[in-house]
Each structure stands twice: as C-alpha cells, then as structure tokens.
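Next come the chains, spelled out residue by residue.
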Amino acid sequence: MTATSTNSDLAQRAAHVLMGNYGERNLAIVRGEGARCWDADGNEYLDFLAGIAVNNVGHSHPAVVEAIARQAKEMIHCSNAFLIEPQIRLAERLTEATGMERAFFCNSGTEATEAAIKTARIWARNTRGTGHHKVIAFEGSFHGRTLGSMSATWSKKVREGFDPLTPGFEFAKLNDLESVDKVWSDEVGGVLVETIQGEGGIHPCTQEFLEGLRERCTERGAALIVDEVQCGMSRSGRIMAYQHLDIEPDIVPIAKAIGGGLPLGALLVKDEYGQHLAKGTHGSTFGGNPVACAAGLAVCDVLFEDSLLRQVGEMGCYFWGKLEELKSEFPDLIEGVRGKGLMLGLIMKKPSMDMVAIGRRHGMLFNCTADRVIRFLPPLIITRDDIDEAVVKLRSSLTDFSS
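Throughout what follows, the structure given in this document is the object of discussion. (Residues numbered from 1 in each chain as written. Predicted model: local features only at pLDDT ≥ 70, side-chain atom pairs only at ≥ 80, totals over all residues. Heavy atoms only, no water.)

This brings us to the overall build of the chain. Check the secondary structure of the chain and you find 14 helices and 17 strands. Against the 2.2 N^0.38 benchmark of 22 Å for 403 residues, the chain shows a C-alpha radius of gyration of 21 Å, consistent with a compact globule. Reported as C-alpha extents along the three principal axes, the dimensions of the chain are approximately 60 × 55 × 45 Å. The burial tally for the chain puts 54% of its 403 residues in the buried class. (Helix = DSSP H or I, 4+ residues; strand = E, 2+ residues; numbered from the N terminus. Rg over C-alpha atoms; globule rule 2.2 N^0.38 Å. Buried < 20%, exposed > 50% of the residue type's maximum accessible area, 1.4 Å probe, protein only.)

Below, the structure is given as structure tokens:
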C-alpha cells in the first residue's frame, strides 16, 4: 500500500474527526513486512512494539495473508447461531496446545477478561451459592478498559473518572502471598493474575507465587484465572507463559497475537468451569468470525512450532545480554532489565516517555510503560541481525536522551 497523504496531512485530518483518547498522534504507519514497517512519508522503522504484542508472526506473514484471502472468498461472516468450522478447528488447536478443554471466542483481550470474570462468578454461584463473587487482582495489573476488566485493573490513570466501578474486586501485591491472605475472605470466588504484567512494567510471577495461588484456589474453592493476553502465544518461549511454571490454571483469557492482526480473543477453560457458561449466559456477534479464525489457525501453525519456541528463547537471551551491555554503557540512565523471552523491559532511573519519540527519530518503534520502563515486544521472527540493529538505534536514542 502506498500512502496518498503525508504524516502531517493525516494528523491534521484525524484531529478534526477522531476522538482524542489516544492523545496526539503524528505518525501514520501504512505498510509492514516482517519486523519492519513504513510510515506515510516513506520512513522505515524496526518494529519492536509489534502492535503491542499482536504481530507475533510479523507484519503481513504470507501464511496469514493467504489464509485470510482463502476464507474471505468462501465466507466472511456467520452468526454464532450456526457451527463455524474454522472456529472449531481453532478451538481444537488451542485446547490441545494449552491443556485447557473448552473455548469461547470474542474480539479482544478486554472481552476475554470480561468472559473470564463472568465464568468465575457463575461457577462460584452454581457450586457454592451466592455471596462468593469477589475476585482478587493485583497491584500493577492491567486487564482491559471495559467496566468489568477496568475494575480489575490497578492503574489509577485507567480507572480515574469512571466511577462508580464494578464492585467485587480486591487488590493484593504481586509475588506476595501474605498480602493475598490478608484480602482473602469467604466472598472470594476467583483470583485474576497476569503471568507477566505488561502495562505494569514487565513484572513476571515467581514460581512460588503462582504455585501458592494455585494451592489456595484449590483449597478454598476459587477459580484461578491466568491472564495470557499479552504474554501468551509463544512470546515467553512457551506457548503460554504459565507453562514455564508448571501449574494448571482454571480459566485463561487470551487475545492480541492470536488473530495475526485481526480482532480475535478467546477464553480457554477447564470443562468444570466451561459447563456453567450455559445457553444464553454470554455471547458475541463477531466472536469467532470465520476469517479471524482462519487467520488464527495460520498463526498457530507458525507460533506453536518447536523451532520457533526455541528461537524465541535464544533471541530473548541474546537481546537480554545486549540490553545488559547498554546498562553498563549508561549506568546513570538504566537501572536493569527484566522480563521473559521476547517480552523485555529496560528499567530506567527516571521517567522515560520522551524516549519513545527519540527512538522513532532513529528508526525504531517501542513504547514506555509504568512511566520508566522501555517495553520491547518485537515480532517473534526477529533475527540476531535485527537485534544488533536495534541495539545500535537504542544506543543512539539513549545518547540523545541523556544529553
């Protein structure tokens, strides 16, 4: 695709017709291929944001493009009043790969989280009676922007101005089981946790913590909901990040990378929980759309391969090492590195939102979360050469930022 307008032209037009909820935007990305994309002025960028962990197979992956075109010729949309064959096939692939047993399809991560909360609540009511509706979430969490998922989100910036929020949520500290016990009551019917917090600043759960949550949920009759919306679909080096920690959740919302760029989310559950989301309890007009599911099947073919998973682990270790070198070069700016696989954060010593614009000037896309964490979510197909190029661009960006 060739842009018919410049970045400046598009920014001016957008200011007149689009809402301002995304803030001021002056860059129009019009084409992508692999780990690279181009703006309306023809500038090239190394993409280490990947649509915020959506383009895990890279931009316009040939297999995904072919799957979309093939399915679009047969049928673009079908109501969920009917069976949709690509949806069934995708559910089979996802449950087989994750150890879960049933799937519900929606369009986004926030919808998948809403479905997770509803499933936990109706399961708790049906098995324990009323009064067990509360969900424990965690400081630093981000689960979406609809009222239910936002109410389970910690960030004041996300929640502010939308009171009253949905009741029934308590917050504990991540990786602190004692804080979980302090807020636990007989009203708790579920625990909602990201295996690796993304928006909160790339904070992984520890083995001890997730095992402790699993034990408590089993002993106390609560559903363990593990949010894999951002860290799932092979980004950590396993198909789901919780598989590193050898625990089995009850309910797993996923989205972002699953559709290869098309809107697609899913809720994966153990059968014990899925049977309670019975006829009429939940639904979606577009969820599990034939084209999106066909794209999802092509994505699974790429992301579930052992060779790709090994590559994510190898490239993640390589990139981590390079980021540690940058830390040594810029000790006054960089505090450390954290994350897993190709979900990494460069922890800065001061607010670093300005680094995003500086990086763009040097031809690299990334973002800043939790005020001072430079977040890297590159396509999982990146190479050592891509990482080496990224480090050069980062070094120049850090030099400019420090001046």
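Another point: the side chain of T369. Topologically, T369 is positioned in strand β16 (residues 367–369). Among the residues examined, T369 registers a relative accessible area of 3% and is labelled buried. When near neighbours in sequence (up to four residues on either side) are disregarded, T369 contacts G198, E199, G200, G201 and R375. (Contact = heavy atoms within 4.5 Å.)

Take the packing of helix α4 (residues 85–98) against helix α11 (residues 290–303) next. Their axes nearest at 8 Å, the elements α4 and α11 cross at an angle of 30°. The handedness of the crossing between α4 and α11 comes out as left-handed. Contacts from P86, Q87, R89, L90, R93 and L94 in α4 reach P290, C293, A294, G296, L297, C300 and D301 in α11. A class-by-class count of the residues in the contact of α4 with α11 yields eight nonpolar, two polar and three charged. (Axes fitted to C-alpha atoms, helices over the stretch in contact; angles between N-to-C directions. Left-handed = near helix turned anticlockwise from the far one by under 90°. Nonpolar A, V, L, I, M, F, W, Y, C, P; charged D, E, K, R; others polar.)

The tendency in soluble globular proteins is for nonpolar side chains to be buried side by side. With 85 residues, the main nonpolar core has L94, F138, V193, L213, M233 and F376 as its most contacted residues. When residues of this core are assigned to their parent elements, the largest contribution, nine residues, is made by α11. Leaving out residues up to four positions away in the same chain, M233 has contacts with N56, L94, I239, M240, A257, I258, V299, C300, L303, F304 and L380. Residues A112, I117, I251 and V269 belong to the second largest nonpolar core, which totals 21 residues. (Core = buried A, V, L, I, M, F, W, Y, C linked by side-chain atoms within 4.5 Å.)

Let's shift gears to the sheet that holds strand β1 (residues 29–33). In spatial order, the strands read β1-β2-β3-β15; together these four strands make up an open sheet with mixed pairing. The two strands at the open ends of the sheet, each matched to only one other strand, are β1 and β15 (364–365). In the sheet, strand β3 (residues 44–47) pairs with β15 via two bridges, with the strands oriented parallel. The residue of β15 that forms the bridge with D47 is L365. On top of the sheet, helix α14 (residues 384–402) reaches β2 (36–39), β3 and β15; it is set at about 110° to β3, its chief contact. (Pairing = 2+ DSSP bridges.)

Before going further, it helps to examine the pattern of salt bridges. Counted by the stated rule, this structure contains 21 salt bridges. The residue D250 makes a salt bridge to R214 at a minimum N-O spacing of 3.0 Å. Of this pair, D250 sits in the loop between β10 (223–227) and β11 (251–254) while R214 is found in helix α9 (residues 207–220), placing the two residues 36 residues apart along the sequence. As far as the burial class goes, D250 and R214 line up, both buried. (Salt bridge = Lys/Arg side-chain N within 4 Å of Asp/Glu carboxyl O.)

Okay, the packing of aromatic side chains next. Counted by the stated rule, this structure contains six aromatic pairs. Centroid distance F48 to F319: 5.5 Å. Interplanar angle 80°. Geometry classified as edge-to-face. Of the two residues, F48 is situated in the loop between β3 and α2 (50–53) and F319 in helix α12 (residues 306–329); the sequence distance between them amounts to 271 residues. Residue classification places F48 among the buried residues on the basis of a relative accessible area of 0%. Owing to a relative accessible area of 0%, F319 belongs among the buried residues under this scheme. For the pair F319 and F376, a centre-to-centre distance of 5.3 Å together with 65° between the ring planes defines the contact as edge-to-face. Pair noted here: F319 is in helix α12 and F376 is in strand β17 (residues 373–376), with a separation of 57 residues, a long-range link. Chaining the aromatic ring pairs together yields one cluster made of F48, F319, F366 and F376. Sitting over the face of the ring of W38, R31 holds its NZ or CZ atom 3.9 Å from the ring centroid. One residue, R220, lies across the ring of W184, its end atom 4.8 Å from the ring centre. (Phe/Tyr/Trp six-rings, centres within 6.5 Å; stacked < 30°, edge-to-face > 60°. Lys NZ or Arg CZ within 6 Å of the ring centre and 35° of its normal.)

Let us look at the side chain of H59. Following the sequence through the fold, H59 ends up in the loop between α2 and α3 (62–74). A distance of 2.7 Å separates polar atoms of two side chains, one belonging to H59 and the other to D47. Discounting chain neighbours no more than four positions away, the residues touching H59 are G32, E33, G34, R36, C37 and D47. (Polar contact = N/O pair within 3.5 Å; in protein donor to acceptor, adjacent residues only side chain to side chain.)

Below, the discussion takes up α3. For α3, with 13 residues, the first-to-last C-alpha span of 19 Å sits near the 18 Å given by 1.5 Å per residue. Looking at α3, one finds that the buried residues are V64, A67 and Q71. Along the axis of α3, the buried positions cluster into a sector of 65°, meaning they face one direction only. The exposed set on the far side of α3, more than 90 degrees from its buried face, consists of P62, E66 and K73. Buried residues in α3 make contact with α4 and α11. (Expected span 1.5 Å × (residues − 1). Arc of directions from axis to C-beta.)

Residues spaced three or four apart along an α-helix point in a common direction, a consequence of the helix completing one turn every 3.6 residues. If you check helix α5 (residues 109–128), its first and last C-alpha atoms are 28 Å apart, about what 20 residues at 1.5 Å a residue would give, namely 28 Å. What α5 keeps buried is the set G109, T110, A112, T113, A115, A116, I117, T119, A120, I122, W123 and A124. Downstream of α5 by a residue or two, G129 has a phi angle that is positive, lying close to 95°.

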